[in-house]
Amino acid sequence: MTKRDMRKPVVIVDDVSVTYTVYATGKRARGRLGKDGLVAKKSSLRKIRAVENVSFTVYEGETIGVIGSNGSGKSTLMRSIAGLLEVESGRVFASSRPTLLAVGAALMPNLSGEQNIMLGGMALGYTRASMTNSVDTIAQFAGLEEFIDLPMRTYSSGMAARLRFAIAQHKDHDILIIDEALAVGDKQFRNRSEARLREMRAQAGTVFLVSHSIASIRETCNRVIWLDKGKIRMDGDPIKVTQAYKEYMDSISTSPEH
Amino acid sequence: MADTIDEYAGEHGLRRIGTRPRLGNYIAEAWRRREFSWTMALLSRRSRHARTRLGVWWSVLLPLLQSMVYGLIFGVLLGSHRSPDFIPFLVTGVFLFTFVSGSFSAGALSISANAGLLRSINFPRIVLPVSAVVEQLLNLLGTLPILFVVALAFDLSVKVEFLLFPLVIALLALFGLGVALIASRLTVDVRDLSKLIPFVTRILFYVSGVFYNPERLGIDNPIIVGAMELNPVYAFLSLARGTLIAGSEVTIFHWIVAGSWTLVLLVLGTVYFWRAEERYGND
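Read on for an overview of the structure. Please read these numbers as outputs of a predicted model, since none were measured by experiment.

Parameters at a glance
Residues numbered from 1 in each chain as written. Chains lettered and ligands numbered in written order. Predicted model: local features only at pLDDT ≥ 70, side-chain atom pairs only at ≥ 80, totals over all residues. Heavy atoms only, no water. Buried < 20%, exposed > 50% of the residue type's maximum accessible area, 1.4 Å probe, protein only. Helix = DSSP H or I, 4+ residues; strand = E, 2+ residues; numbered from the N terminus. Phe/Tyr/Trp six-rings, centres within 6.5 Å; stacked < 30°, edge-to-face > 60°. Lys NZ or Arg CZ within 6 Å of the ring centre and 35° of its normal. Salt bridge = Lys/Arg side-chain N within 4 Å of Asp/Glu carboxyl O.

### Examining unusual backbone geometry
Residue and element names in this part refer to chain A. Unlike most non-glycine residues, Asn53 shows phi in positive territory, near 45°. The class of Asn53 is partly exposed, set by a relative accessible area of 44%. A positive phi angle, close to 50°, is found at Lys229, a residue other than glycine. Here Lys229 shows up in the loop between β8 (223–228) and β9 (231–236).

### Structural notes on the packing of aromatic side chains
The full count for this structure, using the stated rule, is 19 aromatic pairs over all chains. Relative to Phe123 of chain B, the ring of Phe36 of chain B has its centre 5.5 Å away and its plane inclined at 55°; by these criteria the two rings are tilted. With Phe36 of chain B in helix α3 (residues 34–48) and Phe123 of chain B in the loop between α6 (115–120) and α7 (127–154), this pair connects stretches of sequence that are 87 residues apart. Centroid distance Phe148 of chain B to Phe162 of chain B: 5.2 Å. Interplanar angle 85°. Geometry classified as edge-to-face. With a gap of 14 residues between them, Phe148 of chain B in helix α7 and Phe162 of chain B in the loop between α7 and α8 (165–189) connect regions that are remote in the sequence. Taking the relative accessible area as the measure of exposure, Phe148 of chain B reaches 27% and is therefore partly exposed. For Phe162 of chain B, a relative accessible area of 28% puts it in the partly exposed group. Geometry around Phe189 of chain A places Arg162 of chain A over its ring, the cationic atom sitting 6.0 Å from the centre. For the cation-ring pair, Arg192 of chain A lies above Phe141 of chain A, with the distance from its terminal atom to the ring centre recorded as 5.7 Å.

### Looking at the pattern of salt bridges
Within this structure, the stated rule accounts for 14 salt bridges over all chains. As a salt-bridge pair, Arg223 of chain A and Asp235 of chain A come within 2.9 Å of each other at their nearest N and O atoms. With Arg223 of chain A in strand β8 and Asp235 of chain A in strand β9, this residue pair connects regions lying twelve residues apart in the sequence. Of the residues examined, Asp235 of chain A reaches a relative accessible area of 34% and is grouped as partly exposed. Here Glu29 of chain B and Arg33 of chain B are joined by a salt bridge, their closest N and O atoms 2.6 Å apart. For Glu29 of chain B, a relative accessible area of 24% translates into the label partly exposed.

Read these as layout, nothing more, since geometry by itself doesn't imply function.
Written as structure tokens, this is what we have:
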């Protein structure tokens, strides 16, 4: 926070760390299957640091790309920015509550797509009446008209992600975080959603895009953050950061130990 | 340094994310989503039996079948407390107890059962246990016609106290909500507790006078009698029986017991649940 930017900040991430506490079985899958192999020795609490002392400020009009290898803490960081995950230390400030779109399980697996649209919209704060009017539009956006009366548990992960994106895009968000959610759709859907994203950005919205696709990051973002083992490794110009990231990835994939 | 960030954020109208709102705002926000709780209860009730032929009718049939089993065991086979009003006594007990145990277990599971929703959308988490209790209440309301028929069949008059019956149910609903709120956070804090749900339910079933009248058991140990009288579930069952069954009475004492428990559990439950708001859906 030494140099004060004259631009208007939208999101401030201040020294955020997130630690997961998980139960470790104390036994490795490939461990001996001897007398104690099948019996978990001691289940112990294990702390995993997913995000470590991350700080950055996002200014109005920025579209932030977030890159990093699997397990680098991207999704964890995004979920804490969205307020869906409690941080261990540090703070997040934002001009309005960010919305996260991520690939994941169905909202309510046993309910139909249509019912999921209704409930999802109402959880976002819409009234029942307005959702009744919007169900068809949302189903259409997701391209799921024929499947809309099937339980969501029967959807493929791509279909589920399309539905979730379609529900979320129904609302105008000032701050939107997209975690790989667009990667699963087909080309048509991607075009539709990218158009919608451009529209949201034009309304002075801030977008975070987590992706493994360097091309789509370069295309849509004007700033890129590279996370590595829970820490920021680089933050800045998209071309420079993605270039460095690519070189780094190439170097580890050709190194003899991998 | 921290202060400067606070100032800088405040200057530009940024608010902290991931902290719970104040209790008043929280309740107001939850109240604004009441339609959501209601719709969710309706839909999940329908989907729960979606793959069965009888569908929602199961929510009526199961307590009825249960009453029959207990009636057979305790009324006919053991026949210990056979009195003319045993059937309406038992049916009232089983139907109302089904609501209490349902609120307890559905409330306890309401957070983990909706992980998908919790991980993607921000909303006051309290609407989940609320909706679980509303669903149980709908089930209870569905069984009431049977209860009335049974009560009438054994005693062809309607008591004046019957006018109080809706009040008993309304208070019971709030009691169920209090139970659900506490259970839902407890199982999030200590997941092992979810394993104890059937066990606790069973104990509660045996100590709440669902299928026996403690006054007729001839227990004279003052501690046991006192504990029984202070048991809120027993108080609710007694109140409901008092409004329906000729030989039972509605007593002020049971109103006080039921009312106090409801008030305490509801206030405590709301605050207790709210205090962990940012933790739900963390895993």
